[in-house]
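Structural overview for review
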Amino acid sequence: PNANAIVVLTEPTNLVFDGAAKTYGARVANTDVFAYSYVGVSPTVYGPSSNSPTAAGTYLMTATSTNPSYPVSKTATFTIERASNSFVFASLPVKTMGDSPFSLTPTQTTCGAPLRFVSANTNVATIEGSTVTLVGPGTTVITAAQTSEPGYENYVVPPSQTQTLTVRATQTISFAPLASKVVNSGAFALTATASSGLPVSYQSSNPNVARVTGSTVTLLAPGTTVITASQEGSPTTFAAAPNVSQTLTVIPQPLSAEDVSFQGPANLGYDGTAKGYTAQAGFVAKIAAGGWNSAAILKNGTVVVWGDPSYGKCDPPAGLNAVEKLSVGDSHILAMQGPNQGLYDARTGGYKLVAWGSDSDGKVSTFQGARVLDIAAGASHTAVVSTRQIVESCGRPDQGQCDFGRFDYIYAESWGATNKPYVSIGQRRRIELPKVTAGTAATYAFSPATDDNIRLWGTNVGKVEVCGKRYEGGFDYISESVPANLTGVMDLAVGGTFVIALKNEYVPFHYPTNSTDVPIPDYFIKTVTAWGWMNYVLPHDAWVPSSLGT
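Under the defined criterion, the tally for this structure stands at seven aromatic pairs. Through a chain of ring-to-ring contacts, three or more aromatic side chains come together here, namely Y24, Y38, Y46, Y59 and F78. Cation over ring: K95 sits above F102, and NZ or CZ is 4.5 Å from the ring centre. Across the ring face of F188, the terminal group of K181 is positioned such that the distance to the ring centre comes to 4.5 Å.

Quick look at the structure:
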């Protein structure tokens, strides 16, 4: 027998755990008649066994020839590696106290071994299984790990992973009801506070009544507005607070003895007739200029009209009150009523339109009693903004004042009965142009405080151009383009040879710049109105009208 024959071993092709047996092969002198024995090498516990191992571990294999001609044997040590294993622990969203318990994912590794979760700060959050329950505001580090579990010894234990959980506290806003304010009583500060101590911001629902800058309220006109206090929270400490709103009512300046004037009888001599006096409250809230009329809204909501009765001066209807806005034409006047006495429709935001004077071509009767958002009277036409923010117009279209031009989304169409052949309105489609004003034979529509939505039509039909901040109007009398630096327009007034605009800092702006009809006052202006060669401005603080121009 050849006891020195060489034994050649063949290793298993794969020594990573995959559930299959890892078997050696042996040959000597062209024979492979061998007996095999496998035993685990500490700490691996296995055998001795003639069966090839499958589990991860280190083993000693002995191959012994069963051929009597070659009484030889050979040993080899080999290791079956653990299979790979992993999990992904994604970042955790910020939570707010009061949120419901939530589950962590994943709950196991790729091999199926369960994960264990631990919260480093149980004053912020506790964990049972994979369910997190919020306890208090703050932060805690959550660790996800797989421990050595029976049945998963053949897999690598992946490294533990951590994520930070942030729990924000809730907060509330304290905002007391607002007392009514007199319109010219001056600015005042809002004093809402957040329980977090973070600053509170404010917003006014009606900036035409009151404007909010920071925490300061500037009163602009009688009416109501809703002031909303908000606190948006912080990324890691406090969630946003629920908004709190309070209604602010701005009331007109109360009348005093100085505001009332008296007109006595022309003849105080005895003639058998009663001698009476007429009292008139003369404190002006708003004014409007027309062709042959000028009109003013007194602070008690009534209207006075003055002008030349020979050319169409039209006195207001008896009992007219609660007037919010006026617009005056050559021989007709428009008024918006509200919000008192049910004249304002809260569902649509519309005011009741009252018109009087000459009704040639339907400029008075067409929209009489309608609910509107804004009004404008030209020399012989009427323009309104409906509650759907659609500009509609009626009256004479001779000079294009009722023609909406040739814009992409506005066109003129027949409005009504054949007995009103000159009446036209815009396409019944919503357009964001909530303000309208009219000159002698021209109409503007625009959005307050912006300079890119101005639309102009009139005088020469078909000569309307629109190009963003600049536009070329159809005026024969005003040939100059709108200046590029005219921005933030809050109000517009159109005269015969000029345009005056009120910018958002209450500073008047007029063009053409060489016009001698429009001297610029050196005080804050509340509103502007113009007609022909005359214009009025109403100072922002004194509420006393001044006449400028011819």
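Quick look at the nonpolar core now. F175, L190, Y202, V217 and L248 are the most contacted members of the largest nonpolar core, which totals 19 residues. Counting residues per element, the ones that place at least two in this core are β18 (210-213), β19 (216-219), β20 (223-230) and β21 (244-251). The next biggest cluster of nonpolar side chains, apart from the first, holds 16 residues, and it includes V7, Y24, Y38 and A83.

Once that is clear, we can look at the pairing of strand β8 (residues 116-119). Here β8 shows one buried face, formed by F117 and S119, and one open face, formed by R116 and V118. As defined by bridge partners, β8 adjoins strand β11 (residues 138-145) across four bridges and the pair is classed as antiparallel. Residue pairing for β11: R116 is matched across the bridge by A145.

Both strand β15 (residues 188-189) and β19 contribute to a ladder of two bridges, which runs antiparallel. In the strand pairing of β19, A189 is matched with T216. Taken together, the four bridges between β18 and β19 define a ladder with antiparallel strand orientation. Each residue of the ladder has a partner; that of T213, found in β19, is T216.

Now for the environment of K352. In this fold, K352 is placed in strand β30 (residues 350-357). Exposure remark for K352: the relative accessible area of 30% places this residue in the partly exposed category. Taking the C-alpha atoms as reference, K352 lies 9.3 Å from V323; in sequence the two are 29 residues apart.

Reading the values: the criteria
Residues numbered from 1 in each chain as written. Predicted model: local features only at pLDDT ≥ 70, side-chain atom pairs only at ≥ 80, totals over all residues. Heavy atoms only, no water. Phe/Tyr/Trp six-rings, centres within 6.5 Å; stacked < 30°, edge-to-face > 60°. Lys NZ or Arg CZ within 6 Å of the ring centre and 35° of its normal. Core = buried A, V, L, I, M, F, W, Y, C linked by side-chain atoms within 4.5 Å. Buried < 20%, exposed > 50% of the residue type's maximum accessible area, 1.4 Å probe, protein only. Helix = DSSP H or I, 4+ residues; strand = E, 2+ residues; numbered from the N terminus. Pairing = 2+ DSSP bridges.

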